[in-house]
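Here are the chains, one letter per residue:
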Amino acid sequence: MKKIDVIIVGASAAGLMCAIEAAKRKRKVLVIDHANKAGKKILMSGGGRCNFTNYDVSAENYISHNPHFVKSALTRFTQWDFIAMVEAHKIPYHEREHGQLFCDNSSKDILNLLLNECKKNHVRIELNTTIKSIKHKSKENFIVHSEQYSYHCESLVIASGGLSIPKMGASPFGYKVAEQFGIKVWPTVAGLVPFTLHKHDKETYSDLSGIAINSIVSCHNINFRENILFTHRGLSGPAILQISSYWTAGETITINLLPDINLFDLLKQKRSKQPQLKLKTVLHQLLPKRLINTFIESEHLEKTLQEISFEQLEDISTQIQNWKIQPNGTEGYRTAEVTIGGVDCDALSSKTMESTEYPGLYFIGEVMDISGWLGGYNFQWSWASGWCAGQYV
Ligand SMILES: Cc1cc2nc3c(=O)[nH]c(=O)nc-3n(C[C@H](O)[C@H](O)[C@H](O)COP(=O)(O)OP(=O)(O)OC[C@H]3O[C@@H](n4cnc5c(N)ncnc54)[C@H](O)[C@@H]3O)c2cc1C
(Lines give C-alpha, C1' and ligand atoms only; values in the text may rest on other atoms or scores of the structure.)
Protein backbone atom coordinates (compact mmCIF):
# COMPACT_ATOMS: atom_id res chain seq x y z
CA MET A 1 0.00 0.00 0.00
CA LYS A 2 1.36 3.41 -1.00
CA LYS A 3 1.50 6.22 1.54
CA ILE A 4 0.60 9.77 0.50
CA ASP A 5 0.09 12.79 2.75
CA VAL A 6 -2.89 14.19 0.85
CA ILE A 7 -5.26 12.65 -1.68
CA ILE A 8 -7.55 15.03 -3.54
CA VAL A 9 -10.43 13.63 -5.60
CA GLY A 10 -11.20 15.98 -8.51
CA ALA A 11 -8.60 17.63 -10.74
CA SER A 12 -10.43 20.84 -11.49
CA ALA A 13 -10.76 24.34 -10.03
CA ALA A 14 -11.01 23.57 -6.30
CA GLY A 15 -8.91 20.40 -6.30
CA LEU A 16 -5.96 21.85 -8.23
CA MET A 17 -5.91 25.03 -6.12
CA CYS A 18 -5.86 22.94 -2.94
CA ALA A 19 -3.13 20.69 -4.38
CA ILE A 20 -0.88 23.67 -5.20
CA GLU A 21 -1.20 25.15 -1.71
CA ALA A 22 -0.67 21.84 0.08
CA ALA A 23 2.35 21.02 -2.10
CA LYS A 24 3.86 24.45 -1.37
CA ARG A 25 3.81 23.33 2.27
CA LYS A 26 5.88 20.31 1.20
CA ARG A 27 2.98 17.88 1.58
CA LYS A 28 3.09 14.91 -0.79
CA VAL A 29 -0.05 15.37 -2.88
CA LEU A 30 -1.86 13.05 -5.27
CA VAL A 31 -4.85 14.31 -7.27
CA ILE A 32 -7.14 11.61 -8.66
CA ASP A 33 -9.74 12.16 -11.39
CA HIS A 34 -11.84 9.68 -13.32
CA ALA A 35 -11.89 11.91 -16.41
CA ASN A 36 -9.28 11.65 -19.17
CA LYS A 37 -8.36 15.33 -18.79
CA ALA A 38 -8.01 17.76 -15.87
CA GLY A 39 -10.24 20.83 -15.56
CA LYS A 40 -12.78 20.09 -18.28
CA LYS A 41 -15.27 22.56 -16.80
CA ILE A 42 -12.64 25.26 -16.65
CA LEU A 43 -12.05 24.75 -20.36
CA MET A 44 -15.74 25.06 -21.26
CA SER A 45 -16.44 27.93 -18.85
CA GLY A 46 -17.34 31.48 -19.79
CA GLY A 47 -17.98 30.54 -23.41
CA GLY A 48 -14.35 29.35 -23.67
CA ARG A 49 -12.90 32.46 -22.00
CA CYS A 50 -13.39 31.48 -18.32
CA ASN A 51 -15.05 34.14 -16.20
CA PHE A 52 -12.48 33.39 -13.49
CA THR A 53 -13.60 35.89 -10.82
CA ASN A 54 -15.41 39.17 -10.22
CA TYR A 55 -14.21 42.57 -8.97
CA ASP A 56 -17.09 42.62 -6.49
CA VAL A 57 -17.45 39.47 -4.38
CA SER A 58 -19.45 39.11 -1.17
CA ALA A 59 -21.53 36.55 0.70
CA GLU A 60 -24.67 37.97 -0.98
CA ASN A 61 -23.52 36.45 -4.26
CA TYR A 62 -23.91 32.91 -2.88
CA ILE A 63 -26.83 30.59 -2.11
CA SER A 64 -26.48 28.18 0.82
CA HIS A 65 -28.49 26.93 3.77
CA ASN A 66 -25.67 28.46 5.83
CA PRO A 67 -25.31 31.89 4.18
CA HIS A 68 -22.52 33.08 6.53
CA PHE A 69 -20.26 30.10 5.86
CA VAL A 70 -18.53 31.60 2.80
CA LYS A 71 -17.43 34.79 4.56
CA SER A 72 -14.27 33.49 6.19
CA ALA A 73 -12.78 31.82 3.10
CA LEU A 74 -13.77 34.68 0.79
CA THR A 75 -11.89 37.15 2.97
CA ARG A 76 -8.80 34.98 3.34
CA PHE A 77 -8.42 34.22 -0.36
CA THR A 78 -10.00 37.11 -2.26
CA GLN A 79 -10.61 37.89 -5.90
CA TRP A 80 -7.49 40.11 -5.69
CA ASP A 81 -5.38 37.11 -4.69
CA PHE A 82 -6.54 35.20 -7.73
CA ILE A 83 -6.07 38.22 -9.98
CA ALA A 84 -2.49 38.45 -8.66
CA MET A 85 -1.92 34.83 -9.73
CA VAL A 86 -3.37 35.56 -13.17
CA GLU A 87 -1.11 38.59 -13.53
CA ALA A 88 1.97 36.73 -12.27
CA HIS A 89 1.35 34.24 -15.09
CA LYS A 90 0.97 37.13 -17.55
CA ILE A 91 -2.50 36.01 -18.59
CA PRO A 92 -4.28 38.81 -20.46
CA TYR A 93 -7.80 39.48 -19.21
CA HIS A 94 -10.58 42.05 -19.41
CA GLU A 95 -13.59 43.25 -17.45
CA ARG A 96 -17.12 42.86 -18.75
CA GLU A 97 -20.29 44.31 -17.21
CA HIS A 98 -21.02 43.70 -13.52
CA GLY A 99 -17.27 43.40 -12.74
CA GLN A 100 -16.87 40.03 -14.44
CA LEU A 101 -13.29 39.14 -15.40
CA PHE A 102 -12.62 36.99 -18.48
CA CYS A 103 -9.47 35.76 -20.23
CA ASP A 104 -8.69 37.68 -23.42
CA ASN A 105 -7.60 34.51 -25.18
CA SER A 106 -8.85 31.24 -23.78
CA SER A 107 -9.90 29.34 -20.65
CA LYS A 108 -6.85 27.19 -21.35
CA ASP A 109 -4.75 29.98 -19.84
CA ILE A 110 -6.39 29.43 -16.44
CA LEU A 111 -6.07 25.65 -16.60
CA ASN A 112 -2.43 25.97 -17.67
CA LEU A 113 -1.79 28.32 -14.75
CA LEU A 114 -3.05 25.65 -12.34
CA LEU A 115 -1.28 22.75 -14.08
CA ASN A 116 2.02 24.66 -14.27
CA GLU A 117 1.84 25.47 -10.56
CA CYS A 118 1.04 21.82 -9.83
CA LYS A 119 4.07 20.74 -11.86
CA LYS A 120 6.36 23.29 -10.23
CA ASN A 121 5.31 22.05 -6.79
CA HIS A 122 5.52 18.32 -7.67
CA VAL A 123 1.81 17.52 -7.44
CA ARG A 124 1.02 14.13 -8.96
CA ILE A 125 -2.15 13.94 -11.04
CA GLU A 126 -3.64 10.56 -11.91
CA LEU A 127 -6.35 10.70 -14.56
CA ASN A 128 -8.66 7.91 -15.80
CA THR A 129 -8.73 6.62 -12.24
CA THR A 130 -11.86 5.37 -10.55
CA ILE A 131 -12.05 5.08 -6.78
CA LYS A 132 -13.64 1.85 -5.67
CA SER A 133 -13.81 2.43 -1.94
CA ILE A 134 -12.74 4.67 0.91
CA LYS A 135 -12.16 3.36 4.41
CA HIS A 136 -11.55 5.34 7.53
CA LYS A 137 -8.80 3.98 9.79
CA SER A 138 -8.07 6.07 12.81
CA LYS A 139 -4.29 5.51 12.57
CA GLU A 140 -3.54 6.10 8.92
CA ASN A 141 -6.75 8.03 8.65
CA PHE A 142 -8.02 7.03 5.21
CA ILE A 143 -7.46 4.11 2.87
CA VAL A 144 -8.41 4.80 -0.72
CA HIS A 145 -8.72 1.88 -3.15
CA SER A 146 -8.62 2.72 -6.82
CA GLU A 147 -8.89 0.11 -9.58
CA GLN A 148 -5.11 -0.08 -9.81
CA TYR A 149 -3.70 0.82 -6.36
CA SER A 150 -4.44 1.26 -2.69
CA TYR A 151 -3.21 4.31 -0.82
CA HIS A 152 -3.35 5.49 2.70
CA CYS A 153 -3.40 9.18 3.38
CA GLU A 154 -3.64 11.54 6.33
CA SER A 155 -5.91 13.99 4.53
CA LEU A 156 -8.61 13.17 2.03
CA VAL A 157 -10.07 16.10 0.10
CA ILE A 158 -13.28 15.71 -1.88
CA ALA A 159 -13.30 18.18 -4.78
CA SER A 160 -15.47 16.18 -7.14
CA GLY A 161 -17.91 19.01 -7.95
CA GLY A 162 -21.67 18.87 -8.47
CA LEU A 163 -23.95 17.16 -10.96
CA SER A 164 -24.06 19.63 -13.83
CA ILE A 165 -22.93 18.47 -17.28
CA PRO A 166 -22.61 14.71 -16.68
CA LYS A 167 -20.83 14.27 -20.00
CA MET A 168 -17.96 16.38 -18.64
CA GLY A 169 -17.41 13.89 -15.81
CA ALA A 170 -19.86 15.16 -13.17
CA SER A 171 -20.85 12.47 -10.67
CA PRO A 172 -22.53 12.15 -7.27
CA PHE A 173 -19.27 10.78 -5.84
CA GLY A 174 -18.82 13.55 -3.27
CA TYR A 175 -22.35 13.23 -1.95
CA LYS A 176 -21.89 9.47 -1.53
CA VAL A 177 -18.68 9.99 0.41
CA ALA A 178 -20.47 12.49 2.67
CA GLU A 179 -23.29 10.00 3.25
CA GLN A 180 -20.78 7.24 3.98
CA PHE A 181 -19.47 9.39 6.83
CA GLY A 182 -22.93 10.36 8.05
CA ILE A 183 -22.61 13.95 6.81
CA LYS A 184 -25.87 15.53 5.69
CA VAL A 185 -26.32 16.32 2.00
CA TRP A 186 -28.96 18.92 1.09
CA PRO A 187 -31.17 17.88 -1.82
CA THR A 188 -29.65 18.95 -5.11
CA VAL A 189 -31.22 20.73 -8.06
CA ALA A 190 -29.89 22.30 -11.27
CA GLY A 191 -29.01 26.03 -10.99
CA LEU A 192 -27.99 28.73 -13.48
CA VAL A 193 -30.08 26.88 -16.03
CA PRO A 194 -32.56 27.83 -18.80
CA PHE A 195 -36.30 27.39 -18.25
CA THR A 196 -38.54 25.22 -20.38
CA LEU A 197 -42.15 26.34 -20.95
CA HIS A 198 -45.55 24.67 -20.88
CA LYS A 199 -46.78 23.59 -24.33
CA HIS A 200 -49.14 26.53 -24.75
CA ASP A 201 -46.51 29.14 -23.80
CA LYS A 202 -43.86 27.38 -25.86
CA GLU A 203 -46.09 27.69 -28.92
CA THR A 204 -46.95 31.33 -28.16
CA TYR A 205 -43.36 32.47 -27.71
CA SER A 206 -41.51 30.16 -30.12
CA ASP A 207 -41.55 32.83 -32.86
CA LEU A 208 -39.53 35.10 -30.58
CA SER A 209 -36.58 32.71 -30.53
CA GLY A 210 -33.33 34.66 -30.74
CA ILE A 211 -34.68 37.91 -29.28
CA ALA A 212 -32.74 39.24 -26.27
CA ILE A 213 -34.21 41.98 -24.06
CA ASN A 214 -32.66 43.77 -21.13
CA SER A 215 -35.18 43.07 -18.37
CA ILE A 216 -35.73 42.78 -14.65
CA VAL A 217 -36.63 39.21 -13.69
CA SER A 218 -38.06 38.56 -10.23
CA CYS A 219 -39.00 35.60 -8.10
CA HIS A 220 -40.01 36.03 -4.46
CA ASN A 221 -38.38 39.45 -3.98
CA ILE A 222 -35.08 38.52 -5.65
CA ASN A 223 -34.46 40.62 -8.78
CA PHE A 224 -31.88 40.43 -11.53
CA ARG A 225 -31.48 43.02 -14.24
CA GLU A 226 -29.76 41.59 -17.30
CA ASN A 227 -30.75 40.17 -20.67
CA ILE A 228 -33.38 37.50 -21.11
CA LEU A 229 -33.26 35.41 -24.27
CA PHE A 230 -36.19 33.70 -25.97
CA THR A 231 -35.11 30.26 -27.24
CA HIS A 232 -36.71 27.36 -29.11
CA ARG A 233 -37.10 25.51 -25.82
CA GLY A 234 -38.13 28.41 -23.56
CA LEU A 235 -36.28 31.20 -21.79
CA SER A 236 -32.58 31.70 -21.23
CA GLY A 237 -30.07 34.57 -20.98
CA PRO A 238 -28.19 35.78 -17.89
CA ALA A 239 -31.20 37.15 -15.99
CA ILE A 240 -33.08 33.87 -16.42
CA LEU A 241 -30.06 31.77 -15.41
CA GLN A 242 -29.65 33.89 -12.28
CA ILE A 243 -33.28 33.64 -11.20
CA SER A 244 -33.39 29.88 -11.95
CA SER A 245 -31.16 29.33 -8.91
CA TYR A 246 -33.89 30.82 -6.68
CA TRP A 247 -36.88 29.24 -8.42
CA THR A 248 -38.70 26.13 -7.28
CA ALA A 249 -40.99 24.01 -9.44
CA GLY A 250 -44.49 25.42 -9.83
CA GLU A 251 -43.53 29.02 -9.05
CA THR A 252 -44.28 31.95 -11.33
CA ILE A 253 -41.61 34.48 -12.29
CA THR A 254 -42.26 38.13 -13.12
CA ILE A 255 -40.50 39.93 -15.94
CA ASN A 256 -40.37 43.67 -16.63
CA LEU A 257 -39.47 43.95 -20.31
CA LEU A 258 -39.13 47.75 -20.14
CA PRO A 259 -37.38 48.45 -16.85
CA ASP A 260 -36.32 52.06 -17.55
CA ILE A 261 -39.72 53.71 -17.95
CA ASN A 262 -43.23 53.73 -16.57
CA LEU A 263 -45.09 52.54 -19.65
CA PHE A 264 -48.57 53.44 -18.39
CA ASP A 265 -47.46 57.04 -17.68
CA LEU A 266 -45.87 57.28 -21.11
CA LEU A 267 -48.98 55.96 -22.87
CA LYS A 268 -51.23 58.37 -20.94
CA GLN A 269 -48.97 61.31 -21.84
CA LYS A 270 -48.89 60.35 -25.52
CA ARG A 271 -52.64 59.88 -25.48
CA SER A 272 -53.20 63.44 -24.34
CA LYS A 273 -50.55 65.00 -26.62
CA GLN A 274 -50.85 62.82 -29.76
CA PRO A 275 -54.25 61.07 -29.54
CA GLN A 276 -54.12 60.04 -33.25
CA LEU A 277 -50.95 58.00 -32.75
CA LYS A 278 -51.47 54.27 -33.17
CA LEU A 279 -50.56 52.10 -30.20
CA LYS A 280 -48.31 49.98 -32.41
CA THR A 281 -46.30 53.06 -33.45
CA VAL A 282 -45.48 53.81 -29.83
CA LEU A 283 -44.74 50.24 -28.79
CA HIS A 284 -42.68 49.34 -31.87
CA GLN A 285 -40.30 52.17 -30.94
CA LEU A 286 -39.76 50.64 -27.54
CA LEU A 287 -39.45 46.91 -28.15
CA PRO A 288 -38.92 44.57 -31.14
CA LYS A 289 -41.97 44.37 -33.42
CA ARG A 290 -42.16 40.57 -33.20
CA LEU A 291 -42.32 40.76 -29.42
CA ILE A 292 -45.01 43.44 -29.31
CA ASN A 293 -47.09 41.57 -31.89
CA THR A 294 -46.93 38.44 -29.73
CA PHE A 295 -47.68 40.15 -26.43
CA ILE A 296 -50.41 42.61 -27.43
CA GLU A 297 -53.62 41.76 -29.30
CA SER A 298 -53.51 43.00 -32.89
CA GLU A 299 -56.94 44.57 -32.42
CA HIS A 300 -55.40 46.98 -29.86
CA LEU A 301 -52.23 47.60 -31.85
CA GLU A 302 -54.15 48.98 -34.82
CA LYS A 303 -56.13 51.42 -32.66
CA THR A 304 -55.17 55.03 -32.05
CA LEU A 305 -54.37 55.93 -28.46
CA GLN A 306 -57.59 57.91 -28.07
CA GLU A 307 -59.57 54.78 -28.99
CA ILE A 308 -58.09 52.85 -26.06
CA SER A 309 -59.39 53.40 -22.53
CA PHE A 310 -57.07 54.17 -19.62
CA GLU A 311 -57.97 50.83 -18.16
CA GLN A 312 -56.91 49.04 -21.33
CA LEU A 313 -53.69 51.06 -21.50
CA GLU A 314 -52.94 49.98 -17.96
CA ASP A 315 -53.57 46.32 -18.87
CA ILE A 316 -51.28 46.65 -21.88
CA SER A 317 -48.54 48.17 -19.71
CA THR A 318 -48.94 45.39 -17.18
CA GLN A 319 -48.52 42.73 -19.85
CA ILE A 320 -45.15 44.23 -20.76
CA GLN A 321 -43.89 45.44 -17.41
CA ASN A 322 -45.35 42.80 -15.14
CA TRP A 323 -45.31 39.72 -17.36
CA LYS A 324 -46.00 36.67 -15.23
CA ILE A 325 -44.96 33.31 -16.55
CA GLN A 326 -44.85 29.91 -14.91
CA PRO A 327 -41.96 27.84 -16.30
CA ASN A 328 -42.66 24.17 -16.92
CA GLY A 329 -39.26 23.26 -15.55
CA THR A 330 -35.58 23.70 -16.31
CA GLU A 331 -33.27 22.09 -18.83
CA GLY A 332 -31.75 20.23 -15.85
CA TYR A 333 -28.19 19.13 -15.24
CA ARG A 334 -27.58 18.63 -18.97
CA THR A 335 -27.03 22.39 -19.42
CA ALA A 336 -26.92 23.77 -15.85
CA GLU A 337 -23.83 25.70 -14.82
CA VAL A 338 -24.10 24.75 -11.16
CA THR A 339 -25.73 22.43 -8.65
CA ILE A 340 -27.76 23.99 -5.85
CA GLY A 341 -27.56 22.06 -2.56
CA GLY A 342 -24.88 19.53 -1.60
CA VAL A 343 -22.67 18.75 1.37
CA ASP A 344 -23.94 20.53 4.48
CA CYS A 345 -21.63 23.37 5.51
CA ASP A 346 -22.67 22.98 9.16
CA ALA A 347 -20.67 19.75 9.23
CA LEU A 348 -17.48 21.55 8.10
CA SER A 349 -15.13 24.18 9.50
CA SER A 350 -15.50 27.46 7.62
CA LYS A 351 -11.78 28.10 8.18
CA THR A 352 -10.39 24.80 6.88
CA MET A 353 -13.29 23.02 5.09
CA GLU A 354 -12.52 20.01 7.31
CA SER A 355 -15.23 17.77 8.68
CA THR A 356 -15.80 18.57 12.33
CA GLU A 357 -16.62 14.91 12.99
CA TYR A 358 -13.86 13.27 10.90
CA PRO A 359 -10.54 15.15 11.14
CA GLY A 360 -8.63 14.74 7.89
CA LEU A 361 -11.72 14.67 5.67
CA TYR A 362 -12.31 17.86 3.64
CA PHE A 363 -14.93 19.02 1.12
CA ILE A 364 -14.19 21.94 -1.21
CA GLY A 365 -15.71 23.66 -4.25
CA GLU A 366 -19.06 22.99 -5.79
CA VAL A 367 -19.72 19.69 -4.01
CA MET A 368 -20.56 21.81 -0.96
CA ASP A 369 -23.96 23.39 -0.38
CA ILE A 370 -22.69 26.66 -1.86
CA SER A 371 -23.68 27.99 -5.28
CA GLY A 372 -22.62 31.30 -6.68
CA TRP A 373 -24.38 33.69 -8.99
CA LEU A 374 -23.40 33.88 -12.61
CA GLY A 375 -20.39 36.18 -12.95
CA GLY A 376 -17.23 34.38 -11.81
CA TYR A 377 -18.52 33.70 -8.29
CA ASN A 378 -18.45 29.92 -8.60
CA PHE A 379 -14.80 29.84 -9.55
CA GLN A 380 -13.99 32.34 -6.80
CA TRP A 381 -15.57 29.92 -4.32
CA SER A 382 -13.53 27.03 -5.74
CA TRP A 383 -10.30 29.05 -5.49
CA ALA A 384 -11.08 30.31 -1.96
CA SER A 385 -12.24 27.00 -0.47
CA GLY A 386 -9.40 25.11 -2.20
CA TRP A 387 -6.83 27.61 -0.97
CA CYS A 388 -8.13 27.48 2.63
CA ALA A 389 -8.10 23.68 2.77
CA GLY A 390 -4.64 23.71 1.17
CA GLN A 391 -3.23 25.52 4.24
CA TYR A 392 -4.30 22.70 6.59
CA VAL A 393 -4.41 19.34 4.77
C1 LIG B 1 -20.90 25.39 -19.12
C2 LIG B 1 -20.38 25.94 -17.82
C3 LIG B 1 -19.80 27.19 -17.80
C4 LIG B 1 -19.37 27.73 -16.59
N5 LIG B 1 -18.78 28.97 -16.60
C6 LIG B 1 -18.36 29.51 -15.43
C7 LIG B 1 -17.69 30.76 -15.42
O8 LIG B 1 -17.38 31.35 -16.47
N9 LIG B 1 -17.36 31.29 -14.19
C10 LIG B 1 -17.61 30.63 -13.02
O11 LIG B 1 -17.28 31.15 -11.94
N12 LIG B 1 -18.19 29.41 -13.01
C13 LIG B 1 -18.55 28.84 -14.17
N14 LIG B 1 -19.12 27.58 -14.18
C15 LIG B 1 -19.21 26.86 -12.90
C16 LIG B 1 -17.82 26.27 -12.56
O17 LIG B 1 -17.33 25.59 -13.70
C18 LIG B 1 -17.89 25.31 -11.38
O19 LIG B 1 -18.55 25.91 -10.29
C20 LIG B 1 -16.48 24.90 -10.96
O21 LIG B 1 -15.83 24.23 -12.02
C22 LIG B 1 -16.53 24.00 -9.73
O23 LIG B 1 -15.21 23.58 -9.49
P24 LIG B 1 -14.95 22.22 -8.70
O25 LIG B 1 -13.47 22.00 -8.79
O26 LIG B 1 -15.60 22.26 -7.38
O27 LIG B 1 -15.72 21.09 -9.54
P28 LIG B 1 -15.59 20.68 -11.07
O29 LIG B 1 -14.97 21.74 -11.87
O30 LIG B 1 -16.93 20.18 -11.45
O31 LIG B 1 -14.57 19.46 -11.03
C32 LIG B 1 -14.86 18.24 -10.43
C33 LIG B 1 -13.82 17.24 -10.90
O34 LIG B 1 -14.05 16.02 -10.20
C35 LIG B 1 -14.01 14.95 -11.11
N36 LIG B 1 -14.84 13.86 -10.60
C37 LIG B 1 -16.18 13.84 -10.47
N38 LIG B 1 -16.56 12.65 -10.00
C39 LIG B 1 -15.43 11.92 -9.81
C40 LIG B 1 -15.19 10.60 -9.36
N41 LIG B 1 -16.19 9.79 -9.03
N42 LIG B 1 -13.92 10.16 -9.30
C43 LIG B 1 -12.89 10.95 -9.68
N44 LIG B 1 -13.06 12.21 -10.13
C45 LIG B 1 -14.33 12.69 -10.18
C46 LIG B 1 -14.51 15.53 -12.42
O47 LIG B 1 -14.06 14.77 -13.51
C48 LIG B 1 -13.93 16.93 -12.38
O49 LIG B 1 -12.65 16.99 -12.97
C50 LIG B 1 -19.53 27.01 -15.37
C51 LIG B 1 -20.08 25.73 -15.41
C52 LIG B 1 -20.50 25.19 -16.62
C53 LIG B 1 -21.08 23.81 -16.62
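Preceding block: the structure.
Now for a look at the structure at hand.

What counts and what doesn't
- Residues numbered from 1 in each chain as written.
- Predicted model: local features only at pLDDT ≥ 70, side-chain atom pairs only at ≥ 80, totals over all residues.
- Heavy atoms only, no water.
- Near = heavy atom within 4 Å.
- Polar contact = N/O pair within 3.5 Å; in protein donor to acceptor, adjacent residues only side chain to side chain.
- Areas by Shrake-Rupley, 256 points an atom, 1.4 Å probe, with all protein chains shown as cover.
- Pairing = 2+ DSSP bridges.
- Helix = DSSP H or I, 4+ residues; strand = E, 2+ residues; numbered from the N terminus.
- Contact = heavy atoms within 4.5 Å.
- Axes fitted to C-alpha atoms, helices over the stretch in contact; angles between N-to-C directions.
- Phe/Tyr/Trp six-rings, centres within 6.5 Å; stacked < 30°, edge-to-face > 60°.
- Buried < 20%, exposed > 50% of the residue type's maximum accessible area, 1.4 Å probe, protein only.
- Lys NZ or Arg CZ within 6 Å of the ring centre and 35° of its normal.

### A look at the site of the ligand
Part 1: Looking at the ligand, there are 29 residues lining it, with S12, D33, S171, E366 and F379 nearest.
Part 2: Measuring from a nitrogen atom of the ligand, one finds a backbone N or O atom of N51 at 2.9 Å.
Part 3: S382 is positioned such that a nitrogen or oxygen atom in its side chain is 3.2 Å from an oxygen atom of the ligand.
Part 4: For the ligand, whose accessible area on its own is 1,000 Å², the fraction buried by protein is 93%.

### A few points about the sheet that holds strand β14 (residues 222-230)
Part 1: Strands sit in the order β17-β16-β13-β14-β15-β12-β18 across an open sheet of seven strands; the sheet is antiparallel. Edge strands, defined here as strands with exactly one partner in the open sheet, are β17 (323-325) and β18 (329-330).
Part 2: Relative to β18, strand β12 (residues 195-196) is paired through two bridges, and the arrangement is antiparallel. Counted as the bridge partner of F195 is T330 from β18.
Part 3: In this fold helix α13 (residues 310-321) packs onto β16 (253-256) and β17, with an angle of close to 110° to the strand it touches most, β16.

### With respect to the sheet that holds strand β6 (residues 100-103)
Part 1: An order of β3-β6-β5 is seen for the three strands of this open sheet, with the pairing classed as antiparallel. Each edge of the open sheet is held by one strand with a lone partner, namely β3 (51-54) and β5 (93-96). Neighbour to neighbour, the strand axes of the sheet diverge by 30° on average, direction disregarded.
Part 2: Note: β5 against β6, four bridges, orientation antiparallel.

### Digging into the side chain of S155
Part 1: Mapped onto the elements of the fold, S155 is located in strand β10 (residues 150-158).
Part 2: Ignoring sequence-local partners within four residues, the contact set of S155 consists of D5, V6, I7, R27, G360, Y362 and V393.

### Some words on the packing of aromatic side chains
Part 1: The tally for this structure, following the rule as stated, stands at 21 aromatic pairs.
Part 2: With 5.9 Å between their ring centres and 50° between their planes, F52 and F82 make a pair best called tilted. Of this pair, F52 sits in strand β3 while F82 is found in helix α4 (residues 79-88), placing the two residues 30 residues apart along the sequence.
Part 3: You can call F52 buried: its relative accessible area is 0%.
Part 4: Aromatic pair F224 and Y246: ring centres 6.0 Å apart, planes at 40°, arrangement tilted. Pair noted here: F224 is in strand β14 and Y246 is in the loop between α8 (238-244) and β16, with a separation of 22 residues, a long-range link.
Part 5: Over the ring of F264 we find K268, and its NZ or CZ is 4.2 Å from the ring centre.
Part 6: Above the face of the F310 ring, R271 is positioned so that its terminal group lies 4.5 Å from the ring centre.

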